[in-house]
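The primary structure of each chain is shown beneath.
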Amino acid sequence: DQQVKQNSPSLSVQEGRISILNCDYTNSMFDYFLWYKKYPAEGPTFLISISSIKDKNEDGRFTVFLNKSAKHLSLHIVPSQPGDSAVYFCAASAFGNQFYFGTGTSLTVIP
Amino acid sequence: DTEVTQTPKHLVMGMTNKKSLKCEQHMGHRAMYWYKQKAKKPPELMFVYSYEKLSINESVPSRFSPECPNSSLLNLHLHALQPEDSALYLCASSPGAGLETSGSYNEQFFGPGTRLTVL
């Protein structure tokens, strides 16, 4: 049973516009969430995280929003750049070091 | 040194071969992980080592045998694999090592992976 879901397998955005990637989860015990970025033939790279005590975390062009009541988080990238084209995975964990990954969203930023 | 390294990058093996994947980190992390990732799928956790002891085995077949010789090294020994075992095998490490920690201590740093093909 998939505890973390990314319902959009792909997303295309024009360069300079905002990219919004979504992630839903089912386990209310999850208290820490991460976004990873993955290029082909490479391992996932940590991008940004958020603790369940917050509802927003910002790092440069990347902002993650957490809506605990809806069990939903989103990653906003603005402005989007062609180098952002990659697969983005969200991951969640309850207290501990076992993370559950979503199925990924492939983002294409069109120059 | 802030990276996780994995060797080899690519591996092709027959079903009767024995091979090993290697993973190394020198960040002083207390937990190390093996994941398997098939195309267009999320990484699937296989094993977790905490303080050099196996803490999680996600019902992985015995043809995969992990080993943690020391806190910096993690091996995955492969024997009698099947073609469906072909995948990207990812190693990761995290500063935290289990239920006594949470949050940023458990952020996982991934290696580049080993692309395994079983013929």
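Residues numbered from 1 in each chain as written. Chains lettered and ligands numbered in written order. Predicted model: local features only at pLDDT ≥ 70, side-chain atom pairs only at ≥ 80, totals over all residues. Heavy atoms only, no water.

A. Region of interest: the sheet that holds strand 7 (residues 62-67) of chain A. Residues and elements named next belong to chain A. Pairing in this open sheet of five strands is antiparallel, and the strands run 1-3-8-7-6 from one edge to the other. Looking along the sheet, the strands with just one partner apiece sit at the ends: strand 1 (4-5) and strand 6 (56-59). Looking at chain direction, strand 6 and strand 7 are connected through four bridges and run antiparallel. In the sheet register, D59 faces strand 7, and the bridge partner there is F62. (Pairing = 2+ DSSP bridges. Helix = DSSP H or I, 4+ residues; strand = E, 2+ residues; numbered from the N terminus.)

B. Summary view of the packing of aromatic side chains. All names here are of chain A. According to the stated counting rule, one finds 12 aromatic pairs over all chains in the structure shown. Relative to Y100, the ring of F30 lies with its centre 5.6 Å away and its plane at 45 degrees, an arrangement referred to as tilted. Of this pair, F30 sits in the loop between strand 3 (19-25) and strand 4 (32-38) while Y100 sits in strand 10 (residues 100-101), placing them 70 residues apart in sequence. Accessibility expressed as a relative area gives 29% for Y100, which makes it partly exposed. Pairing Y36 with F46 gives two aromatic rings, centres 6.2 Å apart and planes at 75 degrees, and the pair type is edge-to-face. Highlighted residues: Y36 in strand 4 and F46 in strand 5 (residues 45-51), separated in sequence by 10 residues. (Phe/Tyr/Trp six-rings, centres within 6.5 Å; stacked < 30°, edge-to-face > 60°. Buried < 20%, exposed > 50% of the residue type's maximum accessible area, 1.4 Å probe, protein only.)

C. Here's a closer look at the sheet that holds strand 3 (residues 18-25) of chain B. Residues and elements named next belong to chain B. In spatial order, the strands read 1-3-8-7; together these four strands make up an open sheet with antiparallel pairing. Looking at strand neighbours, the two that pair on one side only are strand 1 (4-7) and strand 7 (64-70), the edges of this open sheet. Sheet twist, expressed as the mean angle between neighbouring strand axes with direction ignored, is 20 degrees. Pairing of strand 1 with strand 3, which is carried by four bridges, proceeds in the antiparallel orientation. Bridge pairing in strand 3 places Q6 opposite C23. (Axes fitted to C-alpha atoms, helices over the stretch in contact; angles between N-to-C directions.)

D. Geometry of the state of the cysteines. Taken as a whole and assessed by the stated rule, the structure comprises two disulfides over all chains. Residue pairing for A:C23: its cysteine sulfur links by disulfide to A:C90, the two sulfurs lying 1.9 Å apart. As the torsion about the S-S bond is roughly 65 degrees, the A:C23-A:C90 disulfide counts as right-handed. A residue pair is termed long-range when its members are at least 10 positions apart, and A:C23 in strand 3 and A:C90 in strand 9 (residues 86-93) qualify at 67 residues. When its relative accessible area of 1% is taken as the criterion, A:C90 is described as buried. In this model, B:C23 is linked to B:C91 through a disulfide, with the two sulfur atoms separated by 1.8 Å. Around the S-S axis, the bridge from B:C23 to B:C91 shows a dihedral of about -70 degrees and counts as left-handed. Remark: B:C91 occurs in strand 9 (residues 87-94) and B:C23 occurs in strand 3; sequence separation between them is 68 residues. (Disulfide = S-S within 2.5 Å.)

E. Inspection of unusual backbone geometry at higher detail. Of note, the amide linkage connecting A:V78 to A:P79 takes the cis form, showing an omega dihedral of -10 degrees. Relative to the elements of secondary structure, A:P79 occurs in the loop between strand 8 (72-77) and strand 9. Looking along the chain, the bond that leaves B:T7 and enters B:P8 is cis, with omega of -10 degrees. Its location among the elements puts B:P8 in the loop between strand 1 and strand 2 (10-13). Its identity as a non-glycine residue notwithstanding, A:K71 has a phi of 50 degrees, on the positive side. Within the secondary structure layout, A:K71 lies in the loop between strand 7 and strand 8. For B:Y51, which is not a glycine, the phi torsion comes out positive at approximately 50 degrees. Here B:Y51 is to be found in the loop between strand 5 (44-50) and strand 6 (53-57). We classify B:Y51 as partly exposed; its relative accessible area is 49%.

So yeah, pure geometry; function would need other evidence.
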